[in-house]
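Coordinate analysis (summary)
Listed below, chain by chain, are the residues.
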Amino acid sequence: MPLQFASSTPAQQQNIAAFLVATFREKPDAPFVDPLHLHWKFHEPRPDWNGSRSYVLSNGERIAAHGCACPVTFLTATGKVTSNHPIDWAAARSFPGAGVALLDKLGSMTDTLLAVGGSADTLQVLPKLGYRQACQRDVYVRVVRPWSQMRTDPYPRGWKQPLRLLRNLAWKVTAAPASFSGWSFAPAASFGDDILPLLPRSGDLPFTPAARSPQLLNYMLRCPGAAMSGYLIYERDTLRGWFLLSRVGGQGRIADLWIDSLVPGDWIAAYALATQAAAADPQTFELVAAASVPMICRAIQAAGYRRYSGEPVFLRDPYSLLNQALPLNVPLMEGDAAYLSDPSYPYLG
């Protein structure tokens, strides 16, 4: 029977979970296949996609390949460009070519396809599938509780462990929290229409932002795969932006941050506030932030973070819609980097 492409239903979720576990050689209780988490990724309504985001190629009895679309819309000077970042993309070895065929199907559903980082094998194969490197997303880390980080780290570091602890203790001292007069933040249980005037707009920025809406941010707040929290940023009494934090185990992440400003100092203040909010959680031992725009990268570093690595950002852009676009802004919220976890290697710093 020929392979058929279709969106999945909640009734198929258990079979898809078993397929992903077997294909990725993971444990059945791996966090990424938790039933609540899968339902949120695959079927929880979000404003930028209609219906299920989980798709399978199957012959009616067996799954040959699976992929989940994580939508993103880039705001360019000439208009909106839709994209999606496939996650939980897997293919059975017994169906050669099924993974590529499924990727082609996902690619036909949006203007472009996005991919960030990946294994050495993935980075080698992406150009063969029509991807090109568009930019780089730099990942930054700041350790806020070195002792707790060390005690809860299961990764076997051997003789390097005490040296790592000393380094992180020194980093904590040199990266003292910054304070900015007149700036503050307030928790937001949900986001409302008050942020509408602050939303990213196309054509008036030195980079290409991704579209945001209160509904999309609230969808992220409902993620069961991480402890999510939202905050509003104020300069004195004026609302200036927001940030979205996620915590996975002892690692806190700045999943998204936006401030309606092109002043570098304002972005530094915003990241300092996000850092202050995240570090206030006693269960947070290290913080991670990421950016692909030089101005934002500099703001993160000025807020006390150290660069950990660089991840290539790939685009499959058959109509060259983003070839002439300004640098893409790709925070952790795009894809699954805001909530993906590896319990055996929970820390970067």
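An account of the accompanying structure is given in this report. Here the residue numbering is sequential within each chain, running from 1 through the sequence in written order. Local features in this predicted model are restricted to residues of pLDDT 70 or higher, and side-chain atom pairs are both shown and tallied only at a pLDDT of 80 or more, whereas totals for entire chains, interfaces and linings draw on every residue. Calculation of side-chain values draws on the structure's entire complement of heavy atoms; hydrogens and water are dropped beforehand.

**What about a nonpolar patch on the surface?**
Among the surface-exposed residues, Trp159, Leu163 and Leu166 lie close enough to one another that they form a single nonpolar patch of about 390 Å² accessible area. Secondary-structure assignment places Leu166 in helix 6 (residues 160-174). Leu166 gets classed as exposed once you look at its relative accessible area, which sits at 56%. Exposure above 30% relative accessible area and the lack of any salt bridge qualify a residue for a patch; like charges then connect within 9 Å, and the nonpolar side chains Val, Leu, Ile, Met, Phe, Trp and Tyr within 5 Å. What sets the accessible areas is the Shrake-Rupley method with a 1.4 Å probe; for residues, cover comes only from the shown protein chains. Each reported salt bridge corresponds to a side-chain nitrogen of Lys or Arg within 4 Å of a carboxyl oxygen of Asp or Glu. Every helix listed is a DSSP run of H or I at least four residues long, and every strand listed is a run of E at least two residues long, numbered separately from the N terminus. For every residue, the accessible area (1.4 Å probe, protein chains only) is compared with the maximum for its type, and the residue is labelled buried under 20%, exposed over 50%, or partly exposed between those bounds.

**Quick look at the nonpolar core**
By nonpolar core is meant a set of buried Ala, Val, Leu, Ile, Met, Phe, Trp, Tyr and Cys residues that side-chain atoms within 4.5 Å join together. Among the nonpolar cores identified, the biggest contains 89 residues, and Phe191, Trp242, Phe243, Trp267, Tyr271 and Ile296 are the most heavily contacted of them. With eight residues, the single largest contributor to this core is helix 8 (residues 264-279). Leave out the neighbours within four places in its chain, and Tyr271 touches Ile254, Leu257, Ala289, Ile296, Ala299, Ile300 and Ala303. Residues Val116, Cys135, Leu322 and Val330 belong to the second largest nonpolar core, which totals twelve residues. Residue contacts are counted whenever heavy atoms from the two residues lie within 4.5 Å of one another.

**A short note on the packing of helix 8 against helix 9 (residues 294-302)**
Contact pair helix 8 / helix 9: the axes reach a minimum separation of 8 Å and the direction vectors enclose 50 degrees. Classed by the angle they form, the pair helix 8 and helix 9 counts as oblique. Remark: the crossing between helix 8 and helix 9 carries right-handed chirality. Counted together, Trp267, Ile268 and Tyr271 of helix 8 and Met295, Ile296, Ala299, Ile300 and Ala302 of helix 9 form the full contact between these two elements. Fitted lines through C-alpha atoms serve as axes, helices being fitted only where they are in contact, and the angles separating the N-to-C directions of these axes extend from 0 to 180 degrees. An angle counts as roughly parallel when it lies under 35 degrees, as roughly antiparallel when it exceeds 145, as roughly perpendicular when it falls between 65 and 115, and as oblique in every other case. Each crossing is labelled by how the near helix is turned from the far one, with a counterclockwise turn of less than a right angle marking it left-handed and a clockwise turn marking it right-handed.

**Remarks on the pairing of strand 10 (residues 251-259)**
With respect to burial, strand 10 is a largely interior element, nine of its nine residues being buried. Any two strands between which DSSP finds at least two bridges are classified as paired. Here strand 9 (residues 238-248) runs beside strand 10; their pairing, made up of eight bridges, is antiparallel. Counted as the bridge partner of Arg247 is Gly252 from strand 10. Here strand 9 hands over to strand 10 after two residues, with Gly249 in that stretch at a positive phi of 65 degrees. With three bridges joining them, strand 10 and strand 11 (residues 286-291) adopt parallel strand pairing. Across the sheet, the residue bridging to Gln251 is Glu286, located in strand 11. Crossover handedness is defined by viewing with both strands directed away from the observer: a clockwise path from the first strand over the helix to the second marks the crossover as right-handed. Chirality of the crossover, the property in question, places the unit of strand 10, helix 8 and strand 11 among those that are right-handed.

**Let's talk about the packing of helix 1 (residues 13-24) against helix 2 (residues 35-42)**
Between helix 1 and helix 2, the shortest axis-to-axis distance is 11 Å and the interhelical angle comes to 105 degrees. Taken together, the axes of helix 1 and helix 2 lie roughly perpendicular to each other. Side by side, helix 1 and helix 2 meet where Gln13, Ile16 and Ala17 of the first sit next to Pro35, Leu38, His39 and Phe42 of the second. Class assignment for the residues of the contact of helix 1 with helix 2 results in five nonpolar, two polar and no charged. All amino acids are sorted into three groups, where Ala, Val, Leu, Ile, Met, Phe, Trp, Tyr, Cys and Pro are nonpolar, Asp, Glu, Lys and Arg are charged, and the leftover types, Gly among them, are polar.

**Things to note about the pairing of strand 3 (residues 63-76)**
Of all 14 residues that make up strand 3, 14 are buried, and the element is covered over most of its length. Here strand 2 (residues 54-58) runs beside strand 3; their pairing, made up of five bridges, is antiparallel. Across the sheet, the residue bridging to Ser54 is Cys68, located in strand 3. Where strand 2 folds back on strand 3, the antiparallel hairpin that results is connected by four residues, among which Gly60 adopts a positive phi of roughly 100 degrees. Relative to strand 4 (residues 79-91), strand 3 runs antiparallel, the two being bridged by eleven bridges. Considered in strand 4, the bridge of Ala69 is made with Pro86. Hairpin geometry of strand 3 and strand 4 is characterised by an intervening segment of two residues between the two adjacent antiparallel strands.

**Overview of the sheet that holds strand 4**
Strand order in this open sheet of twelve strands is 1-2-3-4-5-12-6-11-10-9-8-7, and the pairing throughout is mixed. Every other strand in the sheet has two partners, leaving strand 1 (4-7) and strand 7 (183-188) as the edge strands with one partner each. The mean angle between the axes of side-by-side strands here comes to 30 degrees, regardless of whether they run parallel or antiparallel. In this fold helix 9 packs onto strand 6 (132-143) and strand 11, with an angle of close to 160 degrees to the strand it touches most, strand 11.

Everything listed here is a matter of geometry and, on its own, says nothing about what the molecule does.
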